[in-house]
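Residues per chain, in single letters:
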Amino acid sequence: MGRKQKETKKPVKFLNKRSSVKNEPSQPFKQRKMKLVLVGTPNVGKSVLFNLLTGSYVTVSNYPGTTVEVTRGTAKYNQQTYEVIDTPGMYSLLPITEEERVTRTLLLQEKPDVVIHVVDAKNIERMLPLTLQLLEAGLPVILDVNMMDEAEAIGRKIDLDKLSSILEIPVVGTAAALNRGIEQLKRAVMEYVKKRVA
Amino acid sequence: MSKSGLPDLDFNLQYDETIENALDGIEKLLKARYTFSKRMIALLLLQDDEEIIKMAKLRESNFPRIFAIIQNTRSKYKDPMRYVITLQCHQQAQDVLSTVMTDRKQSTHLQSVLDRITIQPITGIPILLIVLYFGLYKFVGEFGAGTLVDLIEGKLFETHINPWVNQVVENLIPWHSLQTLLAFDYGIITLGLRYAVAIILPIVGTFFLAFSLLEDSGYLPRLALLVDRLFKKIGLNGRAVIPMTLGFGCDTMATLVSRTLETNRERVIATLLLALAIPCSAQLGVILGLLSARPLALAVWAGFVILVFLLVGYLAAQVIPGEKPAFYMELPPLRLPRIANILEKTLSRMQWYFLEIIPFFILASVLIWAGKITGIFDAFIHTSAPLMAALGLPPQAAEVFLFGFFRRDYGAAGLYDLQKLGALSGVQIVVAAVTLTLFVPCIAQFAIMIKERGWKTALAIAGFIFPFAFLCGIVLNFILTLLGVTL
C-alpha cells in the first residue's frame, strides 16, 4: 500500500506482448498482479480516485491537466494485488496532445486487466464517446460515473443500471471527493476480474 | 474470447455504410496482432492516426491495399474522416444517454453570474487585478516577502543563528578557509541555508498557498478563457495560463507542466517566455520587497517586463514555425476550496521545491566559496565591471548576476542585501531588477528545459536570453538616464 513511483513519458514504441500474459494460467489467479488503469478527461477526479484506491497521495487540483506523468501505486483487495495506474487526461483514443499520447501508448503497451473510465456525471454527454471507443478497442472497461453529488445538485438523474445493461459493462456511481461509492467500485473491480479469469 | 485475446463485447458502435464497409475491408487485411481490437486499429487508420499508420506500414504486408481503402473512403466525404467518425460516435453516445438520463431544469443563479463576470473582459480584468493585488502583492509580496522574511531573516537568523554559527565555527575549526565554507559572508549555513529558509521558503510557501486556493476554486480555467485572445497573439492559447501562472511560483515546475500544451510550437514559446520574462515567486517576492517602497520603480519594472513578455512572445509567434493552436478546455464548476486539500497540496509543493533547491543552494555556496578562495570570483567581478558600468551599476552588482547563474532567486536575494547597504539608487535598482528578471534561468530550470525540449532548443533559448537581458538593461538604463528620471 502507498507505494508510488513516477515515470516520465517514454518514446512511442509498442510491441504486442499479450502472449506473456496468456502464458501464465499455471500461476494461481490470486498471485498475479492485476493491472488497473484509470483513464478519463482531465479534471474528472482520477487522481482523487487513485489516492482512495491506493491509499497514497498525489497532488489533486481543480484544473485540467494536473497529471502530466503516469503514476503507479499498489492496492490489495481480497488478497489480490493490483497495480493501479493513474494516467494523464485524454479526450479521445485519437490523441492530439502529448499527454493523450502518453495515455494511449500506455493502454497499447500495458495490456490492462481492468480499465476504469472515470467520467464527470455533469458532463457525461461529452465523455461517454470515449467509453464507447474504449469498448470498441476491446478493452475491459468499467465505467465510473463520478461527481454524482454535483450532478444531483443540478437536477440530473442517471439510471446507472440501465446504462450498464445497454453497454454490457459494470457501471458504478461515485462521489470520490466525498469518499462515496468507492467500496462499490472496488467490489465491481473484484467481480469483473473474477468473471474474466473464470 | 475473441481473436485479439480480449473478451467479446456485444455493444457495438454502428457507423454509416461507407465507413462500415471500409472497416470490414481493412480488418480483413490486417494480419499482425495488436493490443487493440482490429476494428479500432482500422478506425484509427481511417482517421489518419500517424502512429498507427507508421506501425501498420511496418507490420502489414497488405499496407498498400489498406491505404487504397483509406484513400477511397476519404474521397467520399468533404470533411476530414476524424470529424465524420467523431460526430457519429457522439451521436450514438447521445442516443444511449437519452434513454437513461433526465435533467431537471434548475438554474444555479449565483454560479452563472460568477461564471459570467469572471470571463467577460469588462468585469474579468478588474477581478483579475483584484486577485493579483490581494493574492500576489498583499499576501505574497507584503506578508510573505515582507513580514515573514523580516521575522525569520531579521529576527531569527541575523540576530541569533548567524552570530552563533559564526562563533561556534570560529571556535571549533582552526582553518580560516574551512571556516568561510561554513559560516560568515558566503558560508553554506550563513548564506545558503539562510537564503533557502529565511528568504525563499516564506515567499514560495505563501505563493503556493495562494495558487492552491485559486486552483481549487476553479478560477484558473476562467482566467484561461479571459486571456485566450491576448495569448493567441503571442502564439499561445488560454491553456498556457496554467504553466504561465505556475511560473510565478516556480519556473522549473512550470516548464515541466508546459507539456500539457498541444503543439510543439506552443511548448517552445512557453518555455522561452518562462525562462525570459516570468519571474518565479522567490525572485518576485524579493523584487516586490525591494521595490515596494518605491511604487513608481515597481511600475517601471512591471511595465517593462510585461512589454518584453508581449514583444518577445509576438516575435516568437512570427518566427517559430508550426500550426496555430486551437482552444478547448473543460470549464470545471467554481467550488468552495477545501482547506485540508489546499494545505496538503501546498505542503507537497513546498516539499518538492525545498528538496529541489537545497542541493543547489549548498552547491552554489560551495562554488562561490571556491571562487573566492581561488580568486576566480574577484577576477570575474573585475572583468565584468565594464558591463556593469554600461548598466549604470556599481561593480559589486556583478556578484548578484553571478549568483543569478546558480539560482535566479539567489541572485535577487543578493540584490536585496546590496540594497540594504544603501549602495543603489532607484534607477539602479530597477535596472538591476529588470536585468535579473530577464536573465538566464536557474540551473534547475535549465536542466528541465534540456530534458523537455532537447539540447538544441534549450541552448538556443539560453543563447538568446543571455545577451538580450543585458541589452534590455542597457536600453532601460539609457532611457531612464536620458529622461533624468529619479525613482
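The model shown is predicted, which means the values in this text are computed figures rather than measured ones.

Asks: Help me understand the overall build of chain A in this model?
Replies: Per the secondary structure count, chain A includes 7 helices and 8 strands. At a minimum sequence separation of 6, the contacts of chain A that also span at least 24 residues come to 68%. As presented, chain A carries roughly 7,600 Å² of accessible surface, and 50% of it is formed by carbon and sulfur atoms.

Asks: Explain the packing of aromatic side chains here, please?
Replies: The way to describe two aromatic rings as a pair is by their centre distance and the angle between their planes. All names here are of chain B. Within the structure shown, the criterion is met by 12 aromatic pairs over all chains. Measuring from ring centre to ring centre gives 4.8 Å for F464 and F468, while their planes differ by 25°; the resulting arrangement is stacked. Placement of both F464 and F468 in helix α23 (residues 455-483) is noted, with a separation of 4 residues, approximately one turn of the helix. Take F464: its relative accessible area is 35%, and that puts it in the partly exposed class. Given a relative accessible area of 18%, F468 falls into the buried group. One aromatic cluster is present, formed by F401, F439, F466 and F470 through successive ring pairs. Positioned above the aromatic ring of Y34, the side-chain terminus of R59 is 4.8 Å from the ring centre.

Asks: For this particular structure, what's the right way to read the environment of B:A412?
Replies: By the element assignment, B:A412 lies in helix α20 (residues 408-420). For the pair B:A412 and B:Q283, spaced 129 residues apart in sequence, the C-alpha to C-alpha distance is 5.6 Å.

Asks: Help me out: how do you make sense of the confidence of the model for chain B in this one?
Replies: Atomic detail in the predicted coordinates should be set aside for any region of low pLDDT. All names here are of chain B. A residue-level look at chain B finds 94% of positions with pLDDT of 70 or above and a mean pLDDT of 83. Here α20 is the element of chain B with the lowest mean pLDDT, 72, and helix α1 (residues 17-29) is the one with the highest, 94. Between residues 1-9, whose pLDDT stays under 50, and residues either more than four places distant or in other chains, the model counts 19 contacts.

Asks: Explain the environment of A:E98 to me, please; I cannot follow it from the model alone.
Replies: Within the secondary structure layout, A:E98 lies in helix α3 (residues 98-110). Each C-alpha atom of the pair A:E98 and A:P88 lies 9.4 Å from the other, and the pair is 10 residues apart in sequence.

Asks: When you look at helix α7 (residues 121-172) of chain B in this model, what are you seeing that I'm missing?
Replies: Owing to its 3.6 residues per turn, the α-helix brings residues three or four apart onto one side. The end-to-end C-alpha distance of α7(B), which contains 52 residues, comes to just 64 Å, noticeably less than the 76 Å that a straight helix rising 1.5 Å per residue would cover. Of all the bends in α7(B), the greatest measures close to 55° and is centred on B:F157.

Asks: For this particular structure, what's the right way to read the packing of helix α2 (residues 38-46) of chain B against helix α3 (residues 50-59) of chain B?
Replies: Helices that pack against each other are described as a pair by the angle of their axes relative to one another and the distance between those axes. Residues and elements named next belong to chain B. Where α2 meets α3, the closest approach of the two axes is 8 Å, and the angle between their N-to-C directions is 115°. Classified by the angle between their axes, α2 and α3 sit roughly perpendicular to one another. With respect to the hand of their crossing, α2 and α3 are arranged in left-handed fashion. Note on element contacts: α3 touches α2 through I52, I53 and A56, opposite I41, L44 and L45. Grouping the amino acids of the contact of α2 with α3 by side-chain chemistry returns 6 nonpolar, no polar and no charged.

Rules of the game
Residues numbered from 1 in each chain as written. Chains lettered and ligands numbered in written order. Predicted model: local features only at pLDDT ≥ 70, side-chain atom pairs only at ≥ 80, totals over all residues. Heavy atoms only, no water. Helix = DSSP H or I, 4+ residues; strand = E, 2+ residues; numbered from the N terminus. Contact = heavy atoms within 4.5 Å. Areas by Shrake-Rupley, 256 points an atom, 1.4 Å probe, with all protein chains shown as cover. Phe/Tyr/Trp six-rings, centres within 6.5 Å; stacked < 30°, edge-to-face > 60°. Buried < 20%, exposed > 50% of the residue type's maximum accessible area, 1.4 Å probe, protein only. Lys NZ or Arg CZ within 6 Å of the ring centre and 35° of its normal. pLDDT = per-residue confidence, 0-100. Expected span 1.5 Å × (residues − 1). Bend = angle between axes of the 7 residues up to and from the residue. Axes fitted to C-alpha atoms, helices over the stretch in contact; angles between N-to-C directions. Parallel < 35°, antiparallel > 145°, perpendicular 65-115°, else oblique. Left-handed = near helix turned anticlockwise from the far one by under 90°. Nonpolar A, V, L, I, M, F, W, Y, C, P; charged D, E, K, R; others polar.

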